[in-house]
Amino acid sequence: MKAVVYEGPREFSITEVTIPTPDPNQVLIKVATCGVCKTDVHIHNGEFLAEFPLTPGHEFAGEVVQVGTQVADVQLGDRVVVDNTILCGHCYYCKRSQPLYCKNFYSLGVNRPGGFAEYVVANHDKVFSIGSLSFDEAAMIEPTSCAIHGMDVIDLRPGDDVLMFGTGPTGIVLAQLLRYCGASNLVIVGSDPVKLDLVGRLARADTIQMDRSHYDFHTQELMKKYPEGFDVVIDATGAVQVLQQCPKFAKFGGKIVVYGVTHESDTITLSPYEIFHKELKILGSFAQTHCFDRAIKYLQLGLVNVKGIISHRFHLDQFNEALEQVSTGKGHVKVIVDMRQ
Ligand SMILES: [Zn+2]
Ligand SMILES: [Zn+2]
(Lines give C-alpha, C1' and ligand atoms only; values in the text may rest on other atoms or scores of the structure.)
(Ligands and ions follow the chains in the order given, each with its own letter.)
Protein backbone atom coordinates (compact mmCIF):
# COMPACT_ATOMS: atom_id res chain seq x y z
CA MET A 1 0.00 0.00 0.00
CA LYS A 2 0.98 3.62 -0.41
CA ALA A 3 1.82 5.62 2.73
CA VAL A 4 3.56 8.79 3.84
CA VAL A 5 6.63 7.67 5.79
CA TYR A 6 8.82 10.06 7.81
CA GLU A 7 12.35 8.91 8.61
CA GLY A 8 12.89 11.97 10.82
CA PRO A 9 11.76 15.60 11.14
CA ARG A 10 11.09 17.15 7.70
CA GLU A 11 12.26 13.95 5.95
CA PHE A 12 9.44 12.05 4.33
CA SER A 13 8.56 10.12 1.21
CA ILE A 14 5.36 8.66 -0.24
CA THR A 15 6.29 5.06 -0.57
CA GLU A 16 5.09 1.44 -0.88
CA VAL A 17 4.89 -0.40 2.45
CA THR A 18 3.27 -3.68 3.54
CA ILE A 19 -0.42 -3.54 4.45
CA PRO A 20 -0.51 -4.02 8.24
CA THR A 21 -2.14 -7.16 9.67
CA PRO A 22 -4.61 -6.58 12.52
CA ASP A 23 -3.93 -8.28 15.87
CA PRO A 24 -6.81 -10.39 17.28
CA ASN A 25 -8.25 -7.28 19.02
CA GLN A 26 -7.76 -4.93 16.07
CA VAL A 27 -9.43 -4.04 12.78
CA LEU A 28 -7.97 -2.99 9.43
CA ILE A 29 -9.48 0.15 7.93
CA LYS A 30 -9.30 1.32 4.32
CA VAL A 31 -8.87 5.05 4.78
CA ALA A 32 -11.33 7.32 2.92
CA THR A 33 -10.45 10.76 4.28
CA CYS A 34 -7.77 12.14 6.60
CA GLY A 35 -7.71 15.74 7.77
CA VAL A 36 -4.48 17.74 7.72
CA CYS A 37 -4.03 20.14 10.64
CA LYS A 38 -1.50 22.44 12.26
CA THR A 39 -0.47 19.57 14.54
CA ASP A 40 0.76 17.74 11.43
CA VAL A 41 3.01 20.74 10.76
CA HIS A 42 4.38 20.52 14.33
CA ILE A 43 4.89 16.76 13.85
CA HIS A 44 6.63 17.47 10.52
CA ASN A 45 9.10 19.58 12.51
CA GLY A 46 9.58 16.85 15.11
CA GLU A 47 7.49 18.53 17.82
CA PHE A 48 4.30 17.43 19.65
CA LEU A 49 5.43 14.00 20.96
CA ALA A 50 6.41 12.88 17.43
CA GLU A 51 8.42 9.63 17.20
CA PHE A 52 10.09 8.45 14.00
CA PRO A 53 9.84 6.56 11.70
CA LEU A 54 6.23 7.65 11.44
CA THR A 55 3.19 7.67 9.18
CA PRO A 56 1.25 10.75 10.38
CA GLY A 57 -2.48 11.47 10.09
CA HIS A 58 -4.69 11.50 13.20
CA GLU A 59 -8.05 12.67 11.76
CA PHE A 60 -9.07 9.73 9.59
CA ALA A 61 -12.20 7.81 8.69
CA GLY A 62 -12.83 4.86 6.41
CA GLU A 63 -14.30 1.41 5.95
CA VAL A 64 -13.50 -1.74 7.92
CA VAL A 65 -12.01 -4.33 5.53
CA GLN A 66 -10.62 -6.91 7.99
CA VAL A 67 -11.55 -7.83 11.54
CA GLY A 68 -9.31 -9.49 14.16
CA THR A 69 -10.31 -12.94 15.46
CA GLN A 70 -11.43 -11.65 18.87
CA VAL A 71 -13.42 -8.63 17.64
CA ALA A 72 -17.19 -8.99 17.91
CA ASP A 73 -18.39 -5.37 18.04
CA VAL A 74 -17.14 -4.15 14.66
CA GLN A 75 -18.25 -5.67 11.34
CA LEU A 76 -16.75 -5.84 7.88
CA GLY A 77 -17.98 -2.92 5.80
CA ASP A 78 -18.69 -0.66 8.80
CA ARG A 79 -18.08 3.04 8.03
CA VAL A 80 -15.99 4.21 10.98
CA VAL A 81 -13.78 6.78 12.60
CA VAL A 82 -11.02 6.06 15.10
CA ASP A 83 -10.25 7.75 18.42
CA ASN A 84 -6.52 7.96 17.75
CA THR A 85 -5.45 7.91 21.40
CA ILE A 86 -4.01 4.75 22.99
CA LEU A 87 -3.70 4.80 26.78
CA CYS A 88 -1.68 2.32 28.80
CA GLY A 89 -4.22 1.77 31.58
CA HIS A 90 -1.57 1.11 34.26
CA CYS A 91 0.52 4.29 34.74
CA TYR A 92 0.18 6.75 37.64
CA TYR A 93 -2.46 8.88 35.85
CA CYS A 94 -4.38 6.00 34.24
CA LYS A 95 -4.74 4.49 37.71
CA ARG A 96 -6.13 7.84 38.92
CA SER A 97 -8.71 7.78 36.10
CA GLN A 98 -6.99 10.71 34.37
CA PRO A 99 -6.20 8.95 31.09
CA LEU A 100 -5.50 12.13 29.11
CA TYR A 101 -2.33 12.55 31.21
CA CYS A 102 -1.23 8.93 30.53
CA LYS A 103 2.55 8.71 30.84
CA ASN A 104 2.61 6.30 27.90
CA PHE A 105 0.30 8.37 25.71
CA TYR A 106 0.29 6.88 22.25
CA SER A 107 -1.56 8.44 19.41
CA LEU A 108 -2.09 7.11 15.90
CA GLY A 109 -0.46 9.59 13.57
CA VAL A 110 1.81 11.07 16.26
CA ASN A 111 3.90 8.22 17.62
CA ARG A 112 2.10 5.23 16.01
CA PRO A 113 1.13 4.69 12.33
CA GLY A 114 -1.71 6.98 11.28
CA GLY A 115 -4.06 7.73 8.42
CA PHE A 116 -1.93 9.24 5.65
CA ALA A 117 -1.86 5.73 4.20
CA GLU A 118 -4.25 3.55 2.24
CA TYR A 119 -4.81 1.28 5.25
CA VAL A 120 -4.43 1.63 9.01
CA VAL A 121 -4.97 -0.76 11.95
CA ALA A 122 -6.79 0.33 15.10
CA ASN A 123 -7.82 -1.30 18.37
CA HIS A 124 -11.50 -2.28 18.17
CA ASP A 125 -12.42 -0.38 21.36
CA LYS A 126 -11.40 2.89 19.69
CA VAL A 127 -13.53 2.40 16.60
CA PHE A 128 -16.83 4.32 16.27
CA SER A 129 -19.54 3.99 13.63
CA ILE A 130 -20.15 7.28 11.80
CA GLY A 131 -23.78 6.41 10.99
CA SER A 132 -25.21 8.80 8.42
CA LEU A 133 -22.24 11.21 8.44
CA SER A 134 -20.27 11.59 5.20
CA PHE A 135 -16.56 10.73 5.16
CA ASP A 136 -15.90 14.46 4.69
CA GLU A 137 -17.77 15.25 7.91
CA ALA A 138 -16.13 12.27 9.61
CA ALA A 139 -12.69 13.79 8.98
CA MET A 140 -13.83 16.56 11.38
CA ILE A 141 -14.81 14.21 14.24
CA GLU A 142 -11.35 14.23 15.87
CA PRO A 143 -11.11 18.07 15.79
CA THR A 144 -14.67 18.23 17.13
CA SER A 145 -13.68 15.85 19.94
CA CYS A 146 -10.80 18.18 20.83
CA ALA A 147 -13.29 21.07 20.93
CA ILE A 148 -15.60 19.04 23.20
CA HIS A 149 -12.65 18.49 25.55
CA GLY A 150 -12.01 22.25 25.34
CA MET A 151 -15.58 22.81 26.52
CA ASP A 152 -15.01 20.43 29.45
CA VAL A 153 -11.94 22.47 30.41
CA ILE A 154 -13.66 25.84 29.98
CA ASP A 155 -16.64 24.75 32.11
CA LEU A 156 -18.82 27.49 30.61
CA ARG A 157 -21.60 29.00 32.69
CA PRO A 158 -24.85 30.02 30.95
CA GLY A 159 -24.56 33.69 30.05
CA ASP A 160 -20.76 33.90 30.12
CA ASP A 161 -19.24 36.44 27.74
CA VAL A 162 -16.63 34.77 25.55
CA LEU A 163 -13.86 36.15 23.35
CA MET A 164 -11.93 33.84 21.04
CA PHE A 165 -8.95 34.63 18.85
CA GLY A 166 -8.57 32.43 15.78
CA THR A 167 -10.77 31.01 13.05
CA GLY A 168 -9.11 27.68 12.25
CA PRO A 169 -11.26 24.56 11.78
CA THR A 170 -11.25 23.56 15.48
CA GLY A 171 -11.92 27.20 16.40
CA ILE A 172 -14.94 27.22 14.07
CA VAL A 173 -16.23 24.08 15.81
CA LEU A 174 -15.46 25.40 19.31
CA ALA A 175 -17.30 28.64 18.52
CA GLN A 176 -20.46 26.66 17.66
CA LEU A 177 -20.17 24.67 20.90
CA LEU A 178 -19.74 27.89 22.88
CA ARG A 179 -22.85 29.35 21.27
CA TYR A 180 -24.89 26.19 21.73
CA CYS A 181 -23.72 25.64 25.31
CA GLY A 182 -24.70 29.03 26.64
CA ALA A 183 -22.38 31.96 25.80
CA SER A 184 -24.11 35.32 25.69
CA ASN A 185 -21.68 37.76 24.06
CA LEU A 186 -19.57 35.61 21.72
CA VAL A 187 -16.90 37.53 19.86
CA ILE A 188 -14.45 35.99 17.39
CA VAL A 189 -11.33 37.89 16.30
CA GLY A 190 -9.44 36.70 13.24
CA SER A 191 -7.48 37.96 10.28
CA ASP A 192 -9.16 36.07 7.41
CA PRO A 193 -12.44 37.74 6.35
CA VAL A 194 -13.80 34.58 4.66
CA LYS A 195 -13.30 32.45 7.78
CA LEU A 196 -14.63 35.24 10.01
CA ASP A 197 -17.79 35.36 7.91
CA LEU A 198 -18.16 31.55 8.14
CA VAL A 199 -17.68 31.37 11.92
CA GLY A 200 -19.90 34.41 12.41
CA ARG A 201 -22.77 32.69 10.59
CA LEU A 202 -22.29 29.18 12.03
CA ALA A 203 -21.90 30.34 15.63
CA ARG A 204 -24.05 33.49 15.45
CA ALA A 205 -21.02 35.37 16.76
CA ASP A 206 -19.91 38.98 16.53
CA THR A 207 -16.72 39.07 14.49
CA ILE A 208 -13.85 41.56 14.54
CA GLN A 209 -11.15 41.73 11.92
CA MET A 210 -7.57 41.55 13.20
CA ASP A 211 -4.69 43.31 11.44
CA ARG A 212 -1.65 41.23 12.39
CA SER A 213 0.62 44.27 12.09
CA HIS A 214 -1.65 46.66 14.03
CA TYR A 215 -3.03 44.97 17.15
CA ASP A 216 -4.23 48.40 18.35
CA PHE A 217 -7.13 48.28 15.88
CA HIS A 218 -8.93 45.22 17.23
CA THR A 219 -7.89 46.06 20.80
CA GLN A 220 -9.55 49.46 20.61
CA GLU A 221 -12.67 48.06 18.98
CA LEU A 222 -12.97 45.33 21.65
CA MET A 223 -12.43 47.78 24.50
CA LYS A 224 -15.02 50.17 23.04
CA LYS A 225 -17.72 47.59 22.27
CA TYR A 226 -17.16 45.37 25.32
CA PRO A 227 -15.75 47.62 28.06
CA GLU A 228 -16.40 45.08 30.84
CA GLY A 229 -14.34 42.44 29.06
CA PHE A 230 -15.04 38.71 28.96
CA ASP A 231 -15.51 35.80 31.37
CA VAL A 232 -13.59 33.53 29.03
CA VAL A 233 -10.77 34.54 26.66
CA ILE A 234 -9.56 31.78 24.34
CA ASP A 235 -6.46 31.75 22.19
CA ALA A 236 -7.12 29.41 19.28
CA THR A 237 -4.33 30.84 17.12
CA GLY A 238 -1.25 29.36 18.78
CA ALA A 239 0.47 32.73 18.14
CA VAL A 240 2.31 33.97 21.23
CA GLN A 241 1.77 37.61 20.29
CA VAL A 242 -1.99 36.99 20.50
CA LEU A 243 -1.78 34.87 23.64
CA GLN A 244 0.24 37.63 25.29
CA GLN A 245 -2.74 40.01 24.85
CA CYS A 246 -5.39 37.70 26.33
CA PRO A 247 -5.27 38.72 30.05
CA LYS A 248 -6.15 42.33 29.34
CA PHE A 249 -9.52 41.34 27.83
CA ALA A 250 -10.50 39.15 30.80
CA LYS A 251 -12.99 40.27 33.43
CA PHE A 252 -12.05 39.95 37.10
CA GLY A 253 -12.38 36.24 37.88
CA GLY A 254 -12.03 35.44 34.16
CA LYS A 255 -10.49 32.42 32.48
CA ILE A 256 -7.68 32.48 29.90
CA VAL A 257 -7.65 29.34 27.76
CA VAL A 258 -4.56 28.14 25.89
CA TYR A 259 -6.27 26.16 23.13
CA GLY A 260 -4.02 26.77 20.09
CA VAL A 261 -0.75 24.85 19.81
CA THR A 262 2.30 27.13 20.14
CA HIS A 263 5.88 26.13 19.40
CA GLU A 264 7.39 24.17 22.29
CA SER A 265 10.01 26.84 22.93
CA ASP A 266 7.60 29.83 22.89
CA THR A 267 7.18 31.90 26.05
CA ILE A 268 4.94 34.77 27.14
CA THR A 269 5.26 37.33 29.91
CA LEU A 270 2.52 37.45 32.54
CA SER A 271 1.97 39.90 35.35
CA PRO A 272 1.62 37.86 38.55
CA TYR A 273 0.02 40.88 40.17
CA GLU A 274 -2.66 40.97 37.45
CA ILE A 275 -3.36 37.23 37.93
CA PHE A 276 -3.52 37.76 41.71
CA HIS A 277 -5.54 40.94 41.68
CA LYS A 278 -8.02 39.93 38.93
CA GLU A 279 -8.14 36.32 40.19
CA LEU A 280 -7.49 35.06 36.67
CA LYS A 281 -7.51 31.36 35.88
CA ILE A 282 -5.15 30.08 33.21
CA LEU A 283 -6.31 26.85 31.61
CA GLY A 284 -4.74 24.51 29.09
CA SER A 285 -6.71 22.29 26.72
CA PHE A 286 -4.65 19.45 25.25
CA ALA A 287 -6.05 17.10 22.59
CA GLN A 288 -8.78 14.79 23.90
CA THR A 289 -9.63 11.30 24.94
CA HIS A 290 -13.04 9.63 25.30
CA CYS A 291 -14.84 12.55 23.60
CA PHE A 292 -15.64 10.86 20.25
CA ASP A 293 -19.08 9.68 21.27
CA ARG A 294 -20.27 13.19 22.12
CA ALA A 295 -18.61 14.71 19.03
CA ILE A 296 -20.31 12.24 16.68
CA LYS A 297 -23.69 12.91 18.30
CA TYR A 298 -23.36 16.69 17.96
CA LEU A 299 -22.39 16.36 14.30
CA GLN A 300 -25.22 13.91 13.59
CA LEU A 301 -27.78 16.18 15.23
CA GLY A 302 -26.46 19.15 13.26
CA LEU A 303 -25.67 21.07 16.47
CA VAL A 304 -22.15 21.42 15.12
CA ASN A 305 -22.12 22.04 11.38
CA VAL A 306 -18.97 21.19 9.40
CA LYS A 307 -20.63 20.88 5.99
CA GLY A 308 -18.77 23.09 3.55
CA ILE A 309 -15.80 23.51 5.88
CA ILE A 310 -13.46 21.53 3.58
CA SER A 311 -11.86 24.02 1.22
CA HIS A 312 -8.93 22.01 -0.16
CA ARG A 313 -8.68 18.35 -1.14
CA PHE A 314 -5.45 16.57 -2.11
CA HIS A 315 -4.39 13.07 -3.27
CA LEU A 316 -2.10 11.09 -0.97
CA ASP A 317 0.62 11.72 -3.61
CA GLN A 318 0.18 15.44 -2.98
CA PHE A 319 0.84 15.24 0.78
CA ASN A 320 3.60 17.82 0.43
CA GLU A 321 1.22 20.35 -1.16
CA ALA A 322 -1.43 19.62 1.49
CA LEU A 323 1.08 20.23 4.28
CA GLU A 324 2.35 23.42 2.64
CA GLN A 325 -1.19 24.70 2.27
CA VAL A 326 -1.76 24.24 6.01
CA SER A 327 1.61 25.63 7.12
CA THR A 328 2.12 28.62 4.82
CA GLY A 329 -0.82 28.73 2.39
CA LYS A 330 -3.63 31.26 2.45
CA GLY A 331 -7.37 31.08 1.94
CA HIS A 332 -8.04 27.59 3.27
CA VAL A 333 -10.44 26.47 5.97
CA LYS A 334 -10.06 22.68 6.30
CA VAL A 335 -7.56 20.75 4.19
CA ILE A 336 -7.97 16.99 3.74
CA VAL A 337 -6.24 14.14 1.99
CA ASP A 338 -8.95 12.27 0.07
CA MET A 339 -8.02 8.64 -0.69
CA ARG A 340 -11.18 8.04 -2.73
CA GLN A 341 -10.06 10.08 -5.72
ZN1 LIG B 1 -5.54 17.63 14.31
ZN1 LIG C 1 -1.27 5.40 31.25
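Residues numbered from 1 in each chain as written. Chains lettered and ligands numbered in written order. Predicted model: local features only at pLDDT ≥ 70, side-chain atom pairs only at ≥ 80, totals over all residues.

Draft legend 1. Inspection of the overall build of the protein chain at higher detail. Assigned secondary structure in the protein chain consists of 11 helices and 17 strands. A compact globule built from 341 residues would reach a C-alpha radius of gyration of about 20 Å, and the protein chain, at 20 Å, matches this within 12%. Viewed in the frame of its principal axes, the protein chain has a C-alpha envelope of about 60 × 40 × 40 Å. A burial count over the protein chain gives 46% of its 341 residues as buried. In the protein chain, the proportion of contacts linking residues at least 24 apart, taken out of those at least 6 apart, comes to 70%. (Helix = DSSP H or I, 4+ residues; strand = E, 2+ residues; numbered from the N terminus. Rg over C-alpha atoms; globule rule 2.2 N^0.38 Å. Buried ≥ 20, exposed ≤ 12 C-beta atoms within 10 Å, placed from the backbone. Contact = placed C-beta atoms within 7 Å.)

Draft legend 2. Spotlight on the sheet that holds strand β12 (residues 206-209). In spatial order, the strands read β12-β11-β10-β13-β14-β15; together these six strands make up an open sheet with parallel pairing. Strands with a single pairing partner mark the edges of an open sheet, and in this sheet they are β12 and β15 (281-284). Here the average twist between neighbouring strands, direction ignored, is 20 degrees. (Pairing = 2+ DSSP bridges. Axes fitted to C-alpha atoms, helices over the stretch in contact; angles between N-to-C directions.)

Draft legend 3. Local environment of unusual backbone geometry. The step from F52 to P53 runs through a cis peptide bond, and the omega angle for that step is -5 degrees. Summarising the element assignment, P53 is placed in the loop between α1 (38-44) and β4 (60-67). With a phi close to 65 degrees, R10 is a non-glycine residue in the positive phi region. Along the chain, the position of R10 falls in the loop between β1 (2-8) and β2 (11-16). Classification of R10 by C-beta neighbours within 10 Å gives exposed; the count is 9.

Draft legend 4. Geometry of the pairing of strand β5 (residues 79-82). Pairing between β4 and β5: three bridges, direction antiparallel. Within β5, the position partnered with G62 by the bridge is V80. Sheet topology places β5 next to strand β9 (residues 127-129); three bridges connect them, and they run antiparallel. Counterpart to V80 in the pairing with β9 is S129.

Draft legend 5. Highlighting the packing of helix α4 (residues 141-154) against helix α10 (residues 292-300). Packing of α4 against α10 brings their axes to within 8 Å, and their N-to-C directions diverge by 110 degrees. Relative to α10, α4 is oriented roughly perpendicular. You can see that α4 and α10 cross each other, and the crossing is right-handed. On α10, the residues that touch I141, T144, S145 and I148 of α4 are F292, R294, A295, I296, Y298 and L299. Each residue belonging to the contact of α4 with α10 can be placed in one class, and the counts come to seven nonpolar, two polar and one charged. (Parallel < 35°, antiparallel > 145°, perpendicular 65-115°, else oblique. Left-handed = near helix turned anticlockwise from the far one by under 90°. Nonpolar A, V, L, I, M, F, W, Y, C, P; charged D, E, K, R; others polar.)

Draft legend 6. Geometry of the domain arrangement of the protein chain. Segmenting the protein chain into domains produces domain 1 (2-140 + 306-338) and domain 2 (147-284). On a C-alpha basis, the centroid separation for the pair domain 1 and domain 2 is 28 Å. Among the elements that line the side of domain 1 that touches domain 2, the one with the most residues is α1, at three residues. Here the residues of the side of domain 1 that touches domain 2 are counted per class, giving five nonpolar, three polar and three charged. (Domains from an automatic or database assignment.)

Draft legend 7. The arrangement of the environment of G166 in detail. You can see G166 is positioned in the loop between β10 (162-165) and α5 (169-180). You can call G166 buried: it has 26 C-beta atoms within 10 Å. Separated by 93 residues in sequence, G166 and Y259 place their C-alpha atoms 9.9 Å apart. Excluding residues that lie within four positions of it along the chain, G166 makes contacts with G171, G190, D235, A236, T237 and G260.

Draft legend 8. Fine view of the pairing of β2. For β1 and β2, the ladder comprises six bridges, and the chain directions are antiparallel. Paired with V5 across the two strands is S13, which belongs to β2. The loop that links β1 with its antiparallel partner β2 comprises two residues; one of these, R10, has a positive phi angle of about 65 degrees.

Draft legend 9. Inspection of helix α6 (residues 193-202) at higher detail. Looking only at α6, the buried set comprises K195, L198 and V199. Burial along α6 is one-sided: seen end-on, the buried residues are contained in an arc of 90 degrees. Facing away from the buried side of α6, by more than 90 degrees, are the exposed residues P193 and R201. Packing partners of the buried residues in α6 comprise α5, β11 (186-190) and β12. Looking at the residues trailing α6, positive phi occurs at R204, about 45 degrees. (Arc of directions from axis to C-beta.)

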